[in-house]
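A structural walkthrough
Chain residues, written in single-letter form:
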Amino acid sequence: RQHNGFPKSEEPEIRRGAIEMIVFEELVYQEADRRKMTVPTATLDKAAADLRKGFASPEKYQEFLETECKGSHQLLLKKIRRSLLIEELLQTDVTGKATVSVAQARAFYDQNPANFEVPESFRIQTISIIPPAKANAEQLAKTRKRAEDVLRQAKATKNFDDFGLLAEKLSEDDYRVSMGEHKAAGRDQLPPPVLQVVLALHDGQVSDLIQLDQAYTIVRVIAHTPAGKKTFAEVKDSLRKNLEKKKLDQLRADLGKKLRKAAKVELLEGPGVG
C-alpha cells in the first residue's frame, strides 16, 4: 500500500522474501524465549520512550498506537520486548561472531592476490568540435578555426571544473552533459590517436587538437592508472567490511537452518495470508 503496489512480475519473489523474514524472526524469538532471555525493565522503558519521541506529535503517536496495537500500551511493550529479544539473540549468535580482524583480512588478501589486481585505465575529459554532415571545404576550415579557439580556452583551464564547464558550454559530443568526463577505460577502449596522446600526458594536462576523421577533440587527463595491485593498506577497510558482510550473511543463514530443523513451520493459505 505504501508504494502503490509492486510490478506483478516481482510480487511472488517479494512475497516469498517477506514470509521468509517473518518466519525467521519468529523462530529467533522462540529461541530467545527457550533460552529464557530477558529484557531489563529499564531497557524496555527506554526503548518505548525513544519510540514515542520519534513521532512528530502526541496525536501521531496515538494514531500509531491505535493502528498497530489496538490502543494498548501493554501490547506495544510486548512488541518492543519481542524486537529487543530478537535483536539480542542475533547480536549474540550472528553479529557478534561476524567480526573480521585485520590479521584475517590480511590472510585473505595474501591468499587471493588476483582479487586485488588493477588493470591499466584512463579517466579523461573531452571537448569535441564537429563539422556539419557532408561539410564543404569552407565549413571544414571554419570548424578548424573554431577548434583552435576552443583549444586556447581549454589550455587556460586549471582543473576538472574549469575544463568541465567549458565542455558543457562548447563541446559538441554527448559527454558535454557530464562535464566532458568519460568512464574509466582501458587501452583497447580508446581510439589509437587519443591513446597515443594521453600516454604522453601527465594527470591534469590538456592535449593539443586531436583530429578524428573531420572532427577535433581536446583531451584532459584526469588520471592514468597503471596496471598493478592495490596495497593491503588501500583495501583493508573495504575488505574487512565485505568479509564481515559475507560472514554475517552465512551465520544468519546457518542460524535459520538450525532453527528450522528443530521447528515445525506451516504456511497457511487464506484471506490475508500467503
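Described in the following lines is the structure provided in the data block. The model shown is predicted, which means the values in this text are computed figures rather than measured ones.

**A word on the overall build of the protein**
- Helix and strand counts for the protein stand at nine helices and five strands.
- Each helix (α) and strand (β) of the protein, taken in turn from the N terminus, gives the series α-α-α-α-α-β-β-α-α-α-β-β-β-α.
- Expected size for 274 residues packed as a compact globule is a radius of gyration near 19 Å; at 30 Å, the protein overshoots this value by more than 25%.
- Its C-alpha atoms give the protein principal-axis dimensions of about 85 × 50 × 40 Å.
- Looking at the protein as a whole, 30% of its 274 residues are labelled buried.
- Pairs at least 24 residues apart make up 71% of the contacts formed inside the protein by residues separated by at least 6 positions.
- Carbon and sulfur atoms make up 53% of the accessible area of the protein, which totals about 18,600 Å².

**Considerations on the packing of helix α4 (residues 73-93) against helix α9 (residues 232-261)**
- Where α4 contacts α9, the axes come no closer than 10 Å and their chain directions differ by 115°. Here the hand of the crossing between α4 and α9 comes out right-handed. Contacts between α4 and α9 involve L89, L90 and D93 on the former and, on the latter, L251, R252 and L255.
- Class assignment for the residues of the contact of α4 with α9 results in four nonpolar, no polar and two charged.

**Here's the deal with the packing of helix α1 (residues 11-34) against α4**
- Contact geometry for α1 and α4: axes closest at 9 Å, N-to-C directions at 85°. With respect to their mutual orientation, α1 and α4 come out roughly perpendicular. Residues F24, E25, E26, V28, Y29, E31, A32 and D33 of α1 touch α4, and the partners they reach there are R81, R82, L85, I86, L89 and L90.
- Tallied by class, the residues present in the contact of α1 with α4 amount to eight nonpolar, no polar and six charged.

**A short note on the nonpolar core**
- The biggest cluster of nonpolar side chains holds 24 residues, and the ones touching the most others in it are V28, L90 and L255.
- Elements with a contribution of two residues or more to this core: α1, α2 (41-53), α3 (58-69), α4 and α9.
- Examining the composition of this core, we find that eight residues originate from one element, α4, more than from any other.
- Every residue in contact with L90, bar those within four places of it in the chain, is listed here: F24, V28, T95, R252 and L255.

Reading the values: the criteria
- Residues numbered from 1 in each chain as written.
- Predicted model: local features only at pLDDT ≥ 70, side-chain atom pairs only at ≥ 80, totals over all residues.
- Heavy atoms only, no water.
- Helix = DSSP H or I, 4+ residues; strand = E, 2+ residues; numbered from the N terminus.
- Rg over C-alpha atoms; globule rule 2.2 N^0.38 Å.
- Buried < 20%, exposed > 50% of the residue type's maximum accessible area, 1.4 Å probe, protein only.
- Contact = heavy atoms within 4.5 Å.
- Areas by Shrake-Rupley, 256 points an atom, 1.4 Å probe, with all protein chains shown as cover.
- Axes fitted to C-alpha atoms, helices over the stretch in contact; angles between N-to-C directions.
- Left-handed = near helix turned anticlockwise from the far one by under 90°.
- Nonpolar A, V, L, I, M, F, W, Y, C, P; charged D, E, K, R; others polar.
- Parallel < 35°, antiparallel > 145°, perpendicular 65-115°, else oblique.
- Core = buried A, V, L, I, M, F, W, Y, C linked by side-chain atoms within 4.5 Å.

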